[in-house]
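Each chain, written out:
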2 protein chains.
Amino acid sequence: MIPTIKDVAAHAGFSIATVSRAINAPHTVNPVTLDKVRQSIDALNFRPSPLGRQLRGERTRLIGVVLPTLANPVFAECLQGIDELASAQGYRLMLMTTQYDADRERHAIETLREQRVEGLILTVADADTHPLLDDLDRAGLLYVLMHNDTVRRPSVSVDNRLAAYDGVRQLIAHGHRRILMLAGTLAASDRARQRHLGYTQAMQQAGLTPAPALEVDFNAAELSPSVLAHLTSGPNRPTALFCSNDLLAMVVMRGLRRARLQIPHDMSILGFDGLAMGELLSPPLASICAPNREIGCAAWRRLLARVTGNYEALGETSLALTLPHSLREGATIAAISNRDETSTPPKEANSENTYARNVA
Amino acid sequence: MIPTIKDVAAHAGFSIATVSRAINAPHTVNPVTLDKVRQSIDALNFRPSPLGRQLRGERTRLIGVVLPTLANPVFAECLQGIDELASAQGYRLMLMTTQYDADRERHAIETLREQRVEGLILTVADADTHPLLDDLDRAGLLYVLMHNDTVRRPSVSVDNRLAAYDGVRQLIAHGHRRILMLAGTLAASDRARQRHLGYTQAMQQAGLTPAPALEVDFNAAELSPSVLAHLTSGPNRPTALFCSNDLLAMVVMRGLRRARLQIPHDMSILGFDGLAMGELLSPPLASICAPNREIGCAAWRRLLARVTGNYEALGETSLALTLPHSLREGATIAAISNRDETSTPPKEANSENTYARNVA
DNA sequence: CTGAAAGCGCTAACAG
DNA sequence: CTGTTAGCGCTTTCAG
């Protein structure tokens, strides 16, 4: 059905070795022969099977990609970056998602190894304490982490601690003093920990009291009563929330709105990730932006360099590559006026536009 | 480095055939032998290479997935569905994106064929006029389309025409009479055409005049002046927009807000896709929902059934499988009051909440 | 410059 | 129940 190199050889009247050479080393074969072989290839619409090559122990040109989920566009954006470069360079991507589950991470990596991928690009829950990554090191299978924040392993990420620090300082600069950090089930993730560290430092430096990260159920339609209590009750309620990622920020915003809080009037919100979609929101979501697509691209470049042995050429000295983050101003952050400090949330309707200009 | 079946055979003191049988048909081998072989397998941490099997002409357990982009969560949602089922059943996914480009579609399909995938799940720009799909039919390579709206090929989709019809009728029921349909670069897509058909029918049935779909540049931060003119100028400006997909709806909403229009007060918006994220918006986006994840799952099931030859067992009679759509009410649609009909957009700020309850 | 032949890891007859 | 062997599609010595 699908033509093989044999069919081409028969059609052209040469041996399969010659056909192989015509494909892989055209200069070593007589031009006339080459021409005939090429005609046969066209005539039969032959494309060499990668399987044969792969089995021979050649390059498989297969790269495994392991991501927690595609429901969070952060990872979809990274994947776009990887895909763009990889497919342009003739590599194929094998994708597996893990839903942040350690078993599935293990299974994914195993499956991809079996498939003899040349390398792996992945985002795991916690890079430092991950025994599988040690296995990879031991087995000599190349990999690059994305977003995972560790100096111990090859990775591409923003400086999560510093980025969070910058973001929270921004909130403080807008007059906020009671700032809470929210995290999802990601609370056990290396990124979230780094971000909380940055939050803590920014708070302390400003003479404010940092709080432990408040965990929020990502999937619930409403915020739980206990969380809501933390956010709204008493004179010490926070005036600003730093959310560990944009998706969480959006879920929280909905929860707050359902609880009849106005954003940013009653609560300022700062996210993390810089999802493109955040700009489409109303009010546009303020966020600490990671160059997600670029992170994917950079991860690809690093992996390719290592796979092809050009690693030194990249001139990188450390395992962890840190890309610059940026702050995206958005109308979800309002400057706080001192008189507002202790008031309870007002109930009157108020357009977000009123506050949109406060952000400078 | 990676142990092969040979290593296991040597270690266990049996032939490779016995090892192979121990793996693939354990009941045909002496329990004692079986045990020894298994111990060797564990000792060496051997996993059979799929490459060998694949080359043998066995099942590759590889499925190709071809999507336009992951930037639109519709496709990410579908992919989630596919991935969930596929990886649970031991299949591996090879992913390629096309950016709606015909050349890249061709290239993707070709690449995946070379890789000897057992089947393909894809979304193409236009299914009916796609020569590559005819090639697949001819080559006997199985595939299932997602979202593409055609009865000529195996596909899983909602009834785009009917869904659009239902949605636009909803707009009409809310008192809108000047309703415009917007489409992105997708204007040349089969889905968009079907949706416009549904729009047209709903309008005509209500005695209203349908307009051609207005094309909008997806990527522009602002709506173009000419588009904006269509939407806002004159007494005949539309009061409601039906957007060919949710992402477009979000882009349009931002454009309108920048032009100082209030949603839904000055303009009602209805999207298409039912993106999960739409519910997180403010106001929540009204949308015609396709069960994206389920579309992915269904596509997988159909493909698997065909691949394994159990197609008849599915009891499906037609090529096109149509899944039910649903309408998601959202505060982006406001009922229109008659006196508003001819007024120009008012400028005063007004919370979306005022209108949130009008949707019934 | 071209061909014959070995072998990558595995499965499936076919013998024993 | 187990071993021998051929061969999947391809690349790569090694001869010619």
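Throughout this description, residue numbers start from 1 for each chain and increase along the sequence as written. Starting at A for chains and at 1 for ligands, labels are handed out in the order in which the entities are written. Thresholds applied to this predicted model are a pLDDT of at least 70 for local features of residues and 80 or more for the giving and counting of side-chain atom pairs; totals over whole chains, interfaces and linings are not thresholded and use all residues. No hydrogens and no water enter the side-chain calculation; it runs on all heavy atoms of the structure.

Undergrad: How should the interface of chain B and chain A be read in this particular structure?
TA: Contact with chain B, which involves 54 residues of that partner, is made by 54 residues of chain A. Joining two parts hides part of their accessible area as seen by a 1.4 Å probe, and the buried area is that hidden amount summed over both. For the chain B and chain A pair, buried surface summed over both sides reaches about 5,100 Å², with 55% attributable to carbon and sulfur atoms. The three residues of chain B that bury the most area against chain A are L51, R116 and L280 of chain B, which together make up 13% of that side's buried surface. Throughout this description, the term salt bridge denotes a Lys or Arg side-chain nitrogen within 4 Å of a carboxyl oxygen of Asp or Glu. Seen at the junction of chain B and chain A, the total is eight salt bridges. The helix count covers DSSP runs of H or I at least four residues long, the strand count covers runs of E at least two residues long, and both are numbered beginning at the N terminus. Of all the secondary-structure elements, those providing two or more residues to the side of chain B that touches chain A are α4 (50-55), α5 (73-88), β2 (92-97), α6 (102-114) and α11 (246-258) of chain B. Per element, the largest residue contribution to the side of chain B that touches chain A is seven residues, and it comes from α5 of chain B. Note on contacts: a residue pair qualifies if any of its non-hydrogen atoms lie within 4.5 Å across the two residues.

Undergrad: Would you mind going over the protein's contact with DNA strand C with me for this structure?
TA: Surrounding DNA strand C, one finds 25 residues, the nearest of these being T33 and R56 of chain A together with I5, R53 and R56 of chain B. Taking all atoms of DNA strand C within 4 Å of the protein, the share assigned to sugar and phosphate is 60%. Distance and chemistry together define a polar contact, namely a pair of N or O atoms within 3.5 Å, with one atom able to donate a hydrogen and the other to accept it when in protein, and with adjacent residues in sequence counting only for side-chain atoms on both sides. Residue R53 of chain B places a side-chain N or O atom 2.5 Å away from a phosphate oxygen belonging to DNA strand C. Ranked by residue count, the leading element in the surface near DNA strand C is helix α2 (residues 16-24) of chain B, at five residues. Near is defined per residue: the residue qualifies when any heavy atom it owns lies within 4 Å of the molecule or strand.

Undergrad: Honestly, the pattern of salt bridges in this entry has me stumped. Any pointers?
TA: A side chain with one charge can pair with a side chain of the opposite charge if their charged atoms come near. Using the criterion set out here, one finds 26 salt bridges over all chains in the structure. Taking the shortest distance from any N to any O, the salt bridge between R152 of chain B and D128 of chain B comes out at 3.8 Å. Of the two residues, R152 of chain B is situated in the loop between β4 (142-146) and β5 (155-158) and D128 of chain B in the loop between β3 (119-122) and α7 (131-139); the sequence distance between them amounts to 24 residues. Relative accessibility decides the category of a residue: with a 1.4 Å probe and only protein chains considered, values under 20% of the type maximum give buried, values over 50% give exposed, and everything between is partly exposed. Looking at R152 of chain B, the relative accessible area reads 48%, which means it is partly exposed. Through salt bridges that share partners, R47 of chain A together with D103, R106, E110 and E114 of chain B make up one connected network.

Undergrad: Help me understand the relation of the copies chain B and chain A, please; the structure alone is not making it clear to me.
TA: One copy of the chain maps onto the second through a rotation about an axis and a displacement along it. Least squares is the method for superposing the copies, and the C-alpha atoms it fits come from residues with pLDDT of at least 70 in both. The operation relating chain B to chain A is a screw motion whose rotation component is 180 degrees, with 0.0 Å of axial translation and a residual RMSD of 0.1 Å. Given the turn and translation reported, the copies of this chain are related as if by a two-fold rotation axis. Within chain B, M94 of chain B has its C-alpha nearest the rotation axis, a separation of 2.3 Å.

Undergrad: Help me understand the protein's contact with DNA strand D, please; the structure alone is not making it clear to me.
TA: The immediate surroundings of DNA strand D are formed by 25 residues, with I5, R53 and R56 of chain A together with T33 and R56 of chain B found nearest. Considering DNA strand D, the proportion of its atoms within 4 Å of the protein that are sugar or phosphate atoms stands at 56%. Take I5 of chain A: an N or O atom from its main chain is 2.4 Å from a phosphate oxygen of DNA strand D. Between DNA strand D and T18 of chain B, the relevant distance is 2.6 Å, taken from a phosphate oxygen to a side-chain nitrogen or oxygen of the residue. At four residues, the largest contribution of residues to the surface near DNA strand D is made by helix α2 (residues 16-24) of chain A. Put simply, Ala, Val, Leu, Ile, Met, Phe, Trp, Tyr, Cys and Pro go in the nonpolar bin, Asp, Glu, Lys and Arg in the charged bin, and everything else, Gly too, in the polar bin. A breakdown of the residues in the surface near DNA strand D according to their chemical character gives nine nonpolar, 10 polar and six charged.

Undergrad: Help me out: how do you make sense of the sheet that holds strand β7 (residues 214-215) of chain B in this one?
TA: The strands making up a sheet associate through hydrogen bonds between their backbones, and the pairing can be parallel or antiparallel. All names here are of chain B. One requirement defines pairing of two strands: DSSP has to find at least two bridges between them. The strand order across the open sheet built from six strands is β7-β6-β8-β9-β10-β12, with neighbouring strands paired in mixed fashion. Pairing within the sheet leaves two strands with one partner each, and these edge strands are β7 and β12 (326-328). In this sheet, strand β10 (residues 286-289) lies alongside strand β9 (residues 268-273) in parallel orientation, the contact comprising four bridges. Each residue of the ladder has a partner; that of L270, found in β10, is A286. Helix α9 (residues 190-205) contacts β6 (179-183), β8 (240-243) and β9 of the sheet and is inclined by roughly 180 degrees relative to β6. Inter-axis angles, ranging from 0 to 180 degrees, are taken between N-to-C directions of lines fitted to C-alpha atoms, where helices are fitted over the stretch in contact.

Undergrad: Help me understand the packing of aromatic side chains in this model?
TA: The geometry of two aromatic rings is summed up by the distance between their centres and the angle between their planes. Planes of paired rings set the category: under 30 degrees apart is stacked, over 60 is edge-to-face and the rest tilted, where pairs are Phe, Tyr or Trp rings (Trp by its six-membered ring) whose centres lie within 6.5 Å. One pass over the full model with this rule turns up four aromatic pairs over all chains. Taking the centre distance of 5.1 Å and the plane angle of 75 degrees together, the rings of Y91 of chain B and W300 of chain B count as edge-to-face. Remark: W300 of chain B occurs in helix α12 (residues 292-307) and Y91 of chain B occurs in the loop between α5 and β2; sequence separation between them is 209 residues. Note on Y91 of chain B: relative accessible area 4%, which makes it buried. Measuring from centroid to centroid gives 6.5 Å for F242 of chain B and F272 of chain B, while their planes differ by 45 degrees, and the two rings are tilted. You can see F242 of chain B sitting in strand β8 and its partner F272 of chain B sitting in strand β9, a full 30 residues away along the chain. With a relative accessible area of 0%, F272 of chain B lands in the buried category. Consider the ring centre and the ring normal. A charge sits over the ring if Lys NZ or Arg CZ is within 6 Å of that centre and within 35 degrees of that normal. Here the basic side chain of R195 of chain A rests over the ring of F272 of chain A, its NZ or CZ set 3.7 Å away from the ring centre.

Undergrad: Which parts of the structure should I look at to understand the pairing of strand β10 (residues 286-289) of chain A?
TA: Residues in a regular strand point their side chains to alternate faces of the sheet. Residue and element names in this part refer to chain A. Of the two faces of β10, the one lined by A286 and I288 and the one lined by S287 and C289 are each fully buried. When β10 meets strand β12 (residues 326-328), the two strands line up antiparallel, connected through three bridges. From the neighbouring strand, C289 faces β12, where its bridge partner is S326.

Undergrad: In this structure, what is going on with the packing of α5 of chain B against α12 of chain B? I would like to understand it.
TA: All names here are of chain B. Following both chains from N to C, one finds α5 and α12 inclined at 45 degrees, their axes separated by 7 Å at the closest point. As summarised for this structure, α5 and α12 are arranged oblique, according to the angle between their axes. Handedness of the crossing formed by α5 with α12: right-handed. Facing α5, whose interface residues are V74, E77, C78, Q80, G81, I82, E84, L85 and A86, α12 presents N292, R293, I295, G296, C297, W300 and R301. Throughout this description, any angle smaller than 35 degrees is read as roughly parallel, any larger than 145 degrees as roughly antiparallel, any in the 65 to 115 degree range as roughly perpendicular, and the remainder as oblique. Two helices that cross are described as forming a left-handed crossing if the nearer one is turned anticlockwise from the farther one by less than a right angle, and a right-handed crossing if clockwise.

Undergrad: Explain the sheet that holds strand β11 (residues 320-323) of chain A here, please?
TA: With respect to topology, 12 strands assemble into an open sheet ordered β11(A)-β5(A)-β4(A)-β3(A)-β1(A)-β2(A)-β2(B)-β1(B)-β3(B)-β4(B)-β5(B)-β11(B), the strand pairing being mixed. Either end of the sheet is taken by a strand with one partner, and the two such strands are β11 of chain A together with β11 (320-323) of chain B. Strand-to-strand, the axes of this sheet are offset by a mean angle of 25 degrees, without reference to chain direction. Where strand β4 (residues 142-146) of chain A lies against strand β5 (residues 155-158) of chain A, two bridges are found, and the strand directions are parallel. For M146 of chain A, the partnering residue across the bridge sits in β5 of chain A and is V156 of chain A. The sheet contacts of helix α5 (residues 73-88) of chain A involve β1 (62-67), β2 (92-97), β3 (119-122) and β4 of chain A together with β2 of chain B, and relative to β2 of chain B the element is tilted by about 80 degrees. Relative to the sheet, α5 of chain B contacts β2 of chain A together with β1 (62-67), β2, β3 and β4 of chain B, its axis offset from that of β2 of chain A by approximately 80 degrees.

Undergrad: I tried to follow the UniProt feature "domain: HTH lacI-type" (unreviewed entry) in chain A on my own but got confused; where do I start?
TA: Mapped onto the present numbering, the UniProt feature "domain: HTH lacI-type" (unreviewed entry) falls on residues 3-57 of chain A. Taken end to end, residues 3-57 of chain A comprises 67% helix and 0% strand; its first and last C-alpha atoms sit 22 Å apart. UniProt positions are given in the numbering used here, feature names are shortened, and annotations may be inferred rather than shown by experiment.

Undergrad: When you look at the environment of R53 of chain B in this model, what are you seeing that I'm missing?
TA: Residues and elements named next belong to chain B. Locating R53 in the fold gives a position in helix α4. A residue is classified by how much of its surface remains accessible, and R53, at 35% relative accessible area, is partly exposed. With 171 residues separating them in the primary sequence, R53 and S224 have C-alpha atoms 56 Å apart. A polar contact is formed between the side chain of R53 and the side chain of N24, at a distance of 3.2 Å.

Undergrad: How should I be thinking about helix α12 (residues 292-307) of chain A in this particular structure?
TA: In an α-helix, one full turn covers 3.6 residues, which means residues spaced three or four apart are oriented alike. Residues and elements named next belong to chain A. Residue count minus one, scaled by 1.5 Å, sets the expected span of a helix. The end-to-end C-alpha separation of α12 is 22 Å, in line with the 22 Å expected for 16 residues at 1.5 Å each. Extensive coverage of α12 is indicated by the burial of 12 of its 16 residues. Regarding α12, the residues found buried are N292, I295, G296, C297, A298, A299, W300, R302, L303, L304, A305 and V307. Phi turns positive, to about 80 degrees, at G309, one or two residues after α12.

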